[in-house]
Amino acid sequence: MDAAKPEFKAGYCAIVGVPNAGKSTLMNALLGTKLSIVSRKPQTTRKQVLGIFSSDSEQIIFLDTPGIMPRPTTLLHKAMLAEVSKSFADADVVLVLAEANQPFERALPKEWKDYLKVAGNKPIVLALSKTDLIKNKKDLLPLLQHYGEQPEFKEIVPLSSTKRYNLKELVTTLRKYLPGSQPFYDTDQLSDKNNRFFVGELIRETVFHKFRDEIPYSTEVEIREFKERTKGKWFVNAEIIVERDSQKSILIGKSGTALKTLGERARKEIERFLEQPVYLELHVRTKKDWRNSKPALKELGYNASS
Ligand SMILES: Nc1nc2c(ncn2[C@@H]2O[C@H](COP(=O)(O)OP(=O)(O)OP(=O)(O)O)[C@@H](O)[C@H]2O)c(=O)[nH]1
Ligand SMILES: [Mg+2]
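Residues numbered from 1 in each chain as written. Chains lettered and ligands numbered in written order. Predicted model: local features only at pLDDT ≥ 70, side-chain atom pairs only at ≥ 80, totals over all residues. Heavy atoms only, no water.

A. Quick peek at the layout of surface pockets. Of the pockets and cavities examined, the largest pocket occupies roughly 360 Å³. Lining the largest pocket are 24 residues, with Asn20, Ala21, Gly22, Thr25 and Lys130 sitting closest to its centre. A total of 3 residues in the lining of the largest pocket trace back to one element, the largest contributor, which is helix H1 (residues 23–31). By residue class, the composition of the lining of the largest pocket is 5 nonpolar, 14 polar and 5 charged. (1 Å grid on protein atoms, 1.4 Å probe; cavity = no way out; pocket = protein on both sides within 12 Å on 5 of 7 lines; lining within 4 Å. Points joined across faces, edges and corners; volume = space filled by probe spheres on them. Helix = DSSP H or I, 4+ residues; strand = E, 2+ residues; numbered from the N terminus. Nonpolar A, V, L, I, M, F, W, Y, C, P; charged D, E, K, R; others polar.)

Structural data, given as structure tokens:
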């Protein structure tokens, strides 16, 4: 072995934290591509999204998780919590995100700290996210001191995903806690999820951006047909699922105009992601109270056993 070359390391890093902490944005920034959907609204991510970071010296398999409050109110929340628990179990190192621009009690509530006990003996690194929102860098010092006093965190890395500040340092820090190993995935692979999954997520993201109130939270997307063609446009038929007929009417809009704009926006995002022209067919269907229905959640690919 070349003595100057560092040992190759590979392992799993779960990214966890409260809703809106910036978990998905961070994973995208680390991978240099938009893989996981992002919105200004909390609880955007619902299922674990695996993102593979590969360099010459390490492969870090990031697990982006739903932002949750540990006390679930719906069966969907319970299923989201199960996704986070699964990520904790898979992780070699746990990365907790806390927003630098929020009061401590919001950035990392006490109940979340209790919840972190499920990490057991696994090393936990704290990333202080969105530091670009702190104008005076001196204001970071009390935050670093506060989190530095918390015994569960091995290290603290202040960072900004949007300004790409300290991302390399984060990788160097996480690397320390990974085992020496060959890469688990091909180094040009970005995820284990297929195009079908990401297309559904991009449609859901468009709903998060375009609609307000309960609609984003009551919406799920099911891909009914996905045809990759060698000639001509790829074909996607998707069903947008909502909980009530009144929500269905809002999504469709007067003479179908809202659905049409939604479809156009989502199609552009999908085409950018797939690097392919796409024909997107959208329908809206009501599945009454699907967020509290075990069979409906199972059908939609959630772990709704508990
Ligand atoms: N200024 C700034 N905004 C950020 C940064 N990272 C994320 N954001 C914003 O914070 C909001 C939430 O980001 P997400 O990445 O969706 O957060 P999340 O933790 O994945 O949220 P959930 O999936 O809902 O738990 C979005 O509006 C992002 O643009 C950052 O480094 N700086
Ligand atoms: Mg997210």
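So, next bit.
B. Local environment of the site of ligand 1. Every one of the 22 residues lining ligand 1 counts as a neighbour, but Lys23, Thr25, Gln43, Thr44 and Asp132 are closest to it. Within the side chain of Ser24, a nitrogen or oxygen atom sits 2.9 Å from an oxygen atom of ligand 1. Take Asp132: an N or O atom from its side chain is 2.8 Å from a nitrogen atom of ligand 1. Here ligand 1 loses 88% of its free accessible area of 650 Å² to cover by the protein chains. At a threshold of 2 Å from the grid points, most atoms of ligand 1 map onto the largest pocket. Looking at the shell around ligand 1, its residues break down into 5 nonpolar, 12 polar and 5 charged. (Near = heavy atom within 4 Å. Polar contact = N/O pair within 3.5 Å; in protein donor to acceptor, adjacent residues only side chain to side chain. Areas by Shrake-Rupley, 256 points an atom, 1.4 Å probe, with all protein chains shown as cover. Sits in = over half its atoms within 2 Å of the grid points.)

C. Expanded view of the domain arrangement of the protein. Per the domain assignment, the segments making up the protein are domain 1 (9–175) and domain 2 (195–299). If you average the C-alpha positions of domain 1 and of domain 2, the two centres end up 28 Å apart. Domain 1 puts 16 residues into the contact, and the matching count from domain 2 is 23 residues. Taking both sides of the interface into account, the surface hidden between domain 1 and domain 2 amounts to around 1,700 Å²; carbon and sulfur atoms contribute 57%. Applying the counting rule to domain 1 against domain 2 returns 3 salt bridges. The salt bridge partner of Glu269 is Lys34, with a shortest N-O separation of 3.6 Å. (Domains from an automatic or database assignment. Contact = heavy atoms within 4.5 Å. Buried area = accessible area lost by both parts, 1.4 Å probe. Salt bridge = Lys/Arg side-chain N within 4 Å of Asp/Glu carboxyl O.)

D. Highlighting the nonpolar core. Core analysis: the largest hydrophobic core is formed by 63 residues, its most contacted members being Val16, Phe62, Phe88, Leu95, Val96, Trp112 and Leu174. Three or more residues apiece are contributed to this core by two domains, here domain 1 (9–175) and domain 2 (195–299). Contacts of Leu174, omitting those with residues within four sequence positions, involve Cys13, Ile60, Phe62, Val93, Leu95 and Val125. One finds Ile37, Leu202, Val242 and Leu259 within the second-largest nonpolar core, a separate group that totals 26 residues. (Core = buried A, V, L, I, M, F, W, Y, C linked by side-chain atoms within 4.5 Å. Buried < 20%, exposed > 50% of the residue type's maximum accessible area, 1.4 Å probe, protein only.)

E. Up close: the pairing of strand S6 (residues 153–158). The pairing of strand S5 (residues 124–129) with S6 spans 5 bridges and is parallel. Its bridge partner lying in S6, Leu128 is registered against Pro158. Note that the unit made of S5, helix H5 (residues 140–148) and S6 has a crossover that is right-handed. (Pairing = 2+ DSSP bridges. Right-handed = clockwise from strand over helix to strand, strands pointing away.)

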